[in-house]
Amino acid sequence: MDDIKYDPNKDYGTPKIVSEKMVTLTIDDASVTVPEGTSIMHAAQLGGVTVPKLCATDSLEPFGSCRLCLVEIEGRRGYPASCTTPVAEGIKVKTQTSKLADVRRGVMELYISDHPLDCLTCAANGDCELQDMAGAVGLREVRYGYEGENHLGSTKDESNPYFTFDPSKCIVCSRCVRACEETQGTFALTIEGRGFGSKVSAGNKDFLESECVSCGACVQACPTATLMEKSVIEAGTPEHKVTTTCAYCGVGCSFDAEMKGEEVVRMTPNKDGGANHGHSCVKGRFAWGYATHQDRITTPMIRKSIHDPWQKVGWDEAINYAASEITRIQAKYGKDSVGGITSSRCTNEEVYVTQKLVRAVFGSNNVDTCARVCHSPTGYGLKQTLGESAGTQTFDSVMKSDVILIIGANPTDGHPVFASIMKRRLREGAKLIIADPRAIDLVENSPHVRADYHLNLRPGTNVALVSALAHVIVTEGLVKEDFVRERCEWDSYEAWRDFVAKPENSPESLAKDTGVDPQKVREAARLFATGGNAAIYYGLGVTEHSQGSTTVMGIANLAMATGNVGREGVGVNPLRGQNNVQGSCDMGSMPHELPGYRHVSDDETRAEFEAAWGRPLSADPGLRIPNMLDLATEGSFKALYCVGEDIAQSDPDTQHVTHALESMECVIVQDLFLNETAMFAHVFFPGASFLEKNGTFTNAERRISPVRRVMTPKNGYEDWEITAKLSTALGYEMKYNHASEIMDEIAALTPTFKGVSFKKLDELGSIQWPCNDEAPEGTPTMHVDEFVRGKGKFFVTQYVPTQEKVNGKYPLILTTGRILSQYNVGAQTRRTQNVVWHPEDLIEIHPHDAEDRGIQEGDWVGITSRAGETVLRATITERVQPGVVYTTFHHPESGANVITTDNSDWATNCPEYKVTAVQVSRVNQLSNWQQEYQEFSESQIHLTGILPAKPAVVE
């Protein structure tokens, strides 16, 4: 099977089959050997023979409806469909005979008789399978006219902002319906009616109002112009393509940017993509228009004060001004008065040169990253227990899971392409346990996917719930002791076992904290421990707590105790939020770690970097983001270089953040847009979008994927080049000619990246680290024979209730999350048509709590916490439990982080976004903060002289 070569640009009609047994047959007098179970169509393609097809595609299971792929098999009656007929040893197949040609022409004639003959003006002209097949079967005339009943007058559905549905061109091949079911798992489409009346339906609604999630699978599958991207209709057929990696979430989907010159016409998911296998979501597939949005700033700007108008200047002037300010400030206040923040939206190479700038040029370790406010507890907790700060599996591993535990994550909204893979496994029979205060979609997504157990715990009680699950596993004798004895530190296990076995850690005792039915906890624990391969997937609902690191260690304890580490189908899997959260941590953007998670105090490691960089490095850990902000308000931290991150919107306690920014003498922001942080900046370096740069991203499964430049940077430079220019202006030249040279340096200095290079990425497509001499093509599954730290270590995880308490004044708990159509602070997605689905952030409130407060659907409500107040529109739903309210944070004017507090994780300072005590009440005007924000924001936009004012929050 390994000898069979696949062309990623070829459609083999039916999916590839993996089998140890091989079968040899004859197709058109040529011998072909393929795995048992392969379809005749697929075997023919491998043998170089193309069989006509319309309903078949290799991303979907065979269907056998179009009747074009009929073949003759010697000794068999009739003409079987090659897509649904498996190969058999010794059979002789004919794909081209006069009889088959007649049958195929007749079938095609029927299709064309009810199809518009507007090929020359059709957007799919030259890229249409129906057109191709008409030519392939030699159809030259159609005997049937349009006089009778037909579908040519069917009305187009233009409701979706990204694609159009033209039923007059539909051949009812069901590929779109099957793609929605098999690939996406949404089941939004169906075939309605029978016979001539059959038609594709989105539940008798238009696409926008239907359950369609605009993933693009149906558009990708359509063989005609029935489902067509509006960008192709407007721009025409692409002429070339470049493979790159999506810059949205931590799934890291591979895409082909299909181009006309330097214009992106469409983004199509790469079926060879290791993370996505040809699937996509609405963001990656369609929401790339921000890269050419009119709001983009492409010229450097400087100013002395944030109350001054911006001056547009050339790159040299902007770079030299920034360098002179950094030099001045360090001379006056000391080297520790300056620091840098990297972003998980940056490439590995950009993060690497930024932390190098801070360490080798600024002379301190004052560098941090946005992972501080999302997954820093993952880095700490997994490093302590398993020995490596990363997830253990591939996404595909879930297809071998028997039990899936999702805790504090919402995959269908935050990681939708992975969620589609997971839903496929759930439809096959895997069991699902969800621990979440809110009823996410997977709790009861459809008749085909629903949770076996929903442990709807109170926000802030993750540690208590994990201890309760562990209590059941230990006290009921469900621990895999042979695994623990062989693979883990026994004394640490004994201490943990004795701790969780205490009566106070039973589900019954902890129910007063978690609010979860003890019997459900016991049943879920038994299922997890005895149900076969059990995998844990978690997200920010675990990490963004005062005990985030404790919960991560508790999750690792569960996995080790049940033997669910070190093979496919199991593991501890953090679902990283942004595209390069994993990579930004790998590259050493934490203040205590150099690239590869090696502590700055380690003399040997530091000496290695000093030799390579030619500068002495500090052995003292630098400032974390919260430390930088606190010291700025106190007056000792004076300058910040912020690359791609928007702390004024994304970090907690917004008013504290903005006060800190106002207190600095030089804030340098490098970004695409004048974001909320840039409004407090003195220097603005225009950044490059992911379409304008070369580099790599590392996703949640440690997969390093290539980011390839498809157009000239509109600002003139890739982001790493800007950082290198600033370094040169500060007296330290970074001698790189291309991003590939930065990766070469990373590989030379980082053991887990030793074997990584752009050349190897071009050969393999992607690589999961560690990639080194022992694993030259990467490591899909971690901790197979032993843990990275040697023996796995259990940690006692004492539940300590959060300091954020509800009381009479603040009786509700606010928790936050994301929504499918928007991404993080929304700077990108809000500048696309995705706003159609989520034009504003809403506050979800339970009907009981709403009734108590006289709140009705759509009312404006004030949300007040100990930190501040904001106003949002209410939506009433039972997705949240009584006593809990929920909102998203994608629109800056919503002020979600105005009300979050400065509570944080005990080990990493990751903010406790998920637990804020609040009161909610009806109001009729914006909060004071929102009014001040609106005024400040509009004035700052006006000071650029190049951007229109933002619309008001309330009409």
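Look up a bit, the structure's there.
These numbers come from a predicted model, not from an experiment.

Asker: Would you explain the overall build of the protein chain in this entry?
Answerer: In terms of helices and strands, the protein chain carries 30 helices and 36 strands. Whereas a compact globule of 955 residues would reach a radius of gyration of roughly 30 Å, the protein chain reaches 29 Å, a difference of no more than 12%. Viewed in the frame of its principal axes, the protein chain has a C-alpha envelope of about 90 × 70 × 65 Å. Counting the 955 residues in the protein chain, one finds 63% classified as buried. The long-range share in the protein chain, meaning contacts at least 24 apart out of those at least 6 apart in sequence, stands at 72%. Surface exposure of the protein chain reaches about 34600 Å², of which carbon and sulfur atoms provide 47%.

Asker: I'm lost on the sheet that holds strand β27 (residues 683-686) in this one. Help?
Answerer: Adjacent strands of a sheet form backbone hydrogen bonds with each other and so pair up, either parallel or antiparallel. Taken in spatial order, the seven strands of this open sheet run β13-β12-β27-β26-β25-β14-β15, and their pairing is mixed. Two strands lie at the open edges of the sheet, namely β13 (311-312) and β15 (367-369), each paired on one side alone. Relative to β15, strand β14 (residues 338-342) runs parallel, the two sharing three bridges. Looking at the pairing, Gly340 lines up with Val367 of β15. Where helix α9 (residues 348-362) meets the sheet, its contacts fall on β14, β15 and β25 (639-643), and the angle it forms with β14 comes to roughly 170°.

Asker: What is the right way to read the side chain of Thr57 from this model?
Answerer: When you line up the elements, Thr57 lands in the loop between α1 (40-46) and β3 (72-73). When sequence neighbours within four positions are dropped, the list of residues in contact with Thr57 reads Asp11, Gly13, Thr14 and Arg175.

Asker: Even after reading the chapter, I still don't get the packing of helix α13 (residues 462-475) against helix α17 (residues 518-530), so can you show me in this structure?
Answerer: The axes of two packed helices give the description: the angle between them and the distance between them. Direction vectors running N to C along α13 and α17 enclose 65°, while the axes themselves pass 9 Å from each other. Classified by the angle their axes make, α13 and α17 are roughly perpendicular. Two packed elements cross with a definite hand, and for α13 against α17 that hand is right-handed. Residue-level contacts link Leu465, Ala468, Leu469, His471, Val472 and Ile473 of α13 to Val521, Arg522, Ala524, Ala525, Arg526, Phe528 and Ala529 of α17. Residues that form the contact of α13 with α17 fall into these classes: 10 nonpolar, one polar and two charged.

Asker: When you look at the packing of aromatic side chains in this model, what are you seeing that I'm missing?
Answerer: How two aromatic rings sit relative to each other is set out by the distance from centre to centre and by the angle between their planes. Going through the model one piece at a time under the given rule, you end up with 25 aromatic pairs. Look at Phe163 and Phe286: their rings are 6.1 Å apart centre to centre, the planes differ by 40°, and that puts the pair in the tilted class. In this pair, Phe163 sits in strand β5 (residues 163-165) while Phe286 sits in helix α7 (residues 282-286), placing the two residues 123 residues apart along the sequence. Both rings, one in Phe418 and one in Tyr537, keep their centres 4.9 Å apart while their planes meet at 40°; by these two values the pair is tilted. Of the two residues, Phe418 is situated in helix α12 (residues 416-427) and Tyr537 in strand β21 (residues 534-538); the sequence distance between them amounts to 119 residues. Looking at Tyr537, the relative accessible area reads 1%, which means it is buried.

Asker: Just to check I follow, could you spell out the pattern of salt bridges for this structure?
Answerer: When the charged atoms of two side chains lie near each other, side chains of opposite charge can form a pair. What the rule picks out here adds up to 49 salt bridges. A salt bridge links Asp295 to Arg831, with the nearest nitrogen and oxygen atoms 3.0 Å apart. Of this pair, Asp295 sits in the loop between α7 and β12 (301-302) while Arg831 sits in the loop between β31 (812-816) and β32 (842-845); the two residues are 536 residues apart in sequence, bridging distant segments of the chain. The partner of Glu428 in a salt bridge is Arg425, and the shortest N-O contact between them spans 3.2 Å.

Asker: Quick question: what am I supposed to make of the environment of Gly339 here?
Answerer: Along the chain, the position of Gly339 falls in strand β14. Classification of Gly339 as buried rests on a relative accessible area of 0%. Through-space distance from the C-alpha of Gly339 to that of Thr38 is 58 Å; in sequence the pair is 301 residues apart. Residues in contact with Gly339, not counting those within four places in the same chain, are Phe362, Asn366, Phe637, Ala639, Leu640 and Tyr641.

Asker: What's the story with the sheet that holds strand β9 (residues 240-245) in this structure? I'm lost.
Answerer: The strand order across the open sheet built from three strands is β9-β10-β11, with neighbouring strands paired in antiparallel fashion. At either margin of the open sheet sits one strand with a lone partner, and together these are β9 and β11 (263-269). On average, each strand axis in the sheet is tilted by 30° relative to the strand beside it, whichever way the strands run. Here six bridges tie β9 to strand β10 (residues 254-260), and the two strands are oriented antiparallel to one another. Considered in β10, the bridge of Lys241 is made with Glu258.

Asker: When you look at the nonpolar core in this model, what are you seeing that I'm missing?
Answerer: The nonpolar side chains of a soluble globular protein tend to be buried with one another. Formed by 69 residues in total, the largest nonpolar core has its most connected members in Phe163, Leu227, Ile404 and Met422. Here the element with the most residues in this core is α12; it accounts for five residues. Residues in contact with Leu227, not counting those within four places in the same chain, are Phe163, Thr164, Phe165, Cys176, Phe207, Cys218, Val219 and Cys222.

Asker: I keep staring at the state of the cysteines and nothing clicks. Help me out?
Answerer: By definition, a disulfide links the sulfur atoms of two cysteines through a covalent bond. Here the structure, examined in full by the defined rule, presents zero disulfides. Cys176 takes part in no disulfide bond, and the closest cysteine sulfur, belonging to Cys170, lies 6.1 Å away.

Asker: How should I be thinking about unusual backbone geometry in this particular structure?
Answerer: Across residues other than glycine, the phi torsion is negative in most instances, and most of the peptide bonds are trans. Residues Trp769 and Pro770 are joined by a peptide bond in cis, for which omega reads 5°. Looking at the element boundaries, Pro770 is found in the loop between β30 (767-768) and β31. A positive phi angle, close to 50°, is found at Val172, a residue other than glycine. Mapped onto the fold, Val172 is located in the loop between β5 and α4 (175-184).

Asker: Explanation requested: helix α21 (residues 603-613) in the structure shown.
Answerer: Residue pairs three or four apart in sequence face the same way in an α-helix, which turns once every 3.6 residues. For α21, the set of buried residues is Thr605, Arg606, Phe609 and Trp613. The buried residues of α21 occupy one face: seen down the axis, they fall within an arc of 95°. Turned more than 90 degrees away from the buried face of α21, the exposed residues are Asp603, Glu604 and Ala611. Its buried side turned inward, α21 meets α9, β23 (593-594), β24 (598-599) and α26 (739-749). Where α21 terminates, the next one or two residues include Gly614, which has phi positive at roughly 70°.

Asker: Explain a nonpolar patch on the surface here, please?
Answerer: Together, Leu110, Val142 and Tyr144 line one region of the surface with nonpolar side chains, adding up to about 260 Å² of accessible area. Overall, Val142 belongs to the partly exposed group, its relative accessible area being 32%.

Asker: Explain the pairing of β10 to me, please; I cannot follow it from the model alone.
Answerer: Consecutive side chains of a regular strand alternate in pointing toward one face of the sheet and then the other. Within β10, six of the seven residues are buried, leaving the element largely enclosed by the surrounding structure. Direction of pairing for β10 relative to β11: antiparallel, over a ladder of six bridges. Bridge pairing links Lys260 to Glu263 in β11. The antiparallel pairing of β10 with β11 creates a hairpin that spans two residues between the two strands, and Gly261 there sits at a positive phi of about 65°.

Asker: Can you walk me through helix α2 (residues 98-112) in this structure?
Answerer: Relative to the 21 Å expected for 15 residues at 1.5 Å per residue, α2 spans 21 Å between its end C-alpha atoms, a close match to the ideal helical length. Listed as buried for α2 are Leu100, Arg104, Val107, Met108, Glu109, Tyr111 and Ile112. Here the buried face of α2 lies against β3, β4 (92-94) and α3 (129-136).

Asker: In this structure, what is going on with the packing of α21 against α26? I would like to understand it.
Answerer: Taken N-terminus to C-terminus, the directions of α21 and α26 make an angle of 150°; their axes are 11 Å apart at the nearest point. Between α21 and α26, the crossing angle belongs to the class labelled roughly antiparallel. Relative to α26, the crossing made by α21 is right-handed. Contact residues: Glu608, Phe609, Ala612 and Trp613 in α21; Glu745, Ala748 and Leu749 in α26. Its residues assigned to classes, the contact of α21 with α26 shows five nonpolar, no polar and two charged.

Asker: Just checking my understanding: could you explain the side chain of His838 for this structure?
Answerer: Turning to its location among the elements, His838 is positioned in the loop between β31 and β32. When near neighbours in sequence (up to four residues on either side) are disregarded, His838 contacts Ile819, Ser821, Gln822, Thr888, His890 and His891.

Asker: Could you clarify how one ought to interpret the environment of Ala124 in this entry?
Answerer: Within the secondary structure layout, Ala124 lies in the loop between α2 and α3. Of the residues examined, Ala124 reaches a relative accessible area of 1% and is grouped as buried. The spacing of Ala124 and Thr237 is 113 residues in sequence and 7.3 Å in space, taken between C-alpha atoms. Among all residues touching Ala124, those that are not within four sequence positions of it are Gln131, Ala225 and Met228.

Asker: So what exactly am I meant to see when it comes to a negative patch on the surface here?
Answerer: Residues Asp482, Glu486, Asp785 and Glu786 make up a contiguous surface patch of negative charge. With respect to the element layout, Asp785 can be found in the loop between β30 and β31. Accessibility expressed as a relative area gives 66% for Asp785, which makes it exposed.

Calculation notes
Residues numbered from 1 in each chain as written. Predicted model: local features only at pLDDT ≥ 70, side-chain atom pairs only at ≥ 80, totals over all residues. Heavy atoms only, no water. Helix = DSSP H or I, 4+ residues; strand = E, 2+ residues; numbered from the N terminus. Rg over C-alpha atoms; globule rule 2.2 N^0.38 Å. Buried < 20%, exposed > 50% of the residue type's maximum accessible area, 1.4 Å probe, protein only. Contact = heavy atoms within 4.5 Å. Areas by Shrake-Rupley, 256 points an atom, 1.4 Å probe, with all protein chains shown as cover. Pairing = 2+ DSSP bridges. Axes fitted to C-alpha atoms, helices over the stretch in contact; angles between N-to-C directions. Parallel < 35°, antiparallel > 145°, perpendicular 65-115°, else oblique. Left-handed = near helix turned anticlockwise from the far one by under 90°. Nonpolar A, V, L, I, M, F, W, Y, C, P; charged D, E, K, R; others polar. Phe/Tyr/Trp six-rings, centres within 6.5 Å; stacked < 30°, edge-to-face > 60°. Salt bridge = Lys/Arg side-chain N within 4 Å of Asp/Glu carboxyl O. Core = buried A, V, L, I, M, F, W, Y, C linked by side-chain atoms within 4.5 Å. Disulfide = S-S within 2.5 Å. Arc of directions from axis to C-beta. Patch = residues over 30% accessible without salt bridge, like charges linked within 9 Å, V, L, I, M, F, W, Y side chains within 5 Å. Expected span 1.5 Å × (residues − 1). Lys, Arg positive; Asp, Glu negative; His and termini not counted. Charge placed at Lys NZ, Arg CZ, Asp CG, Glu CD.

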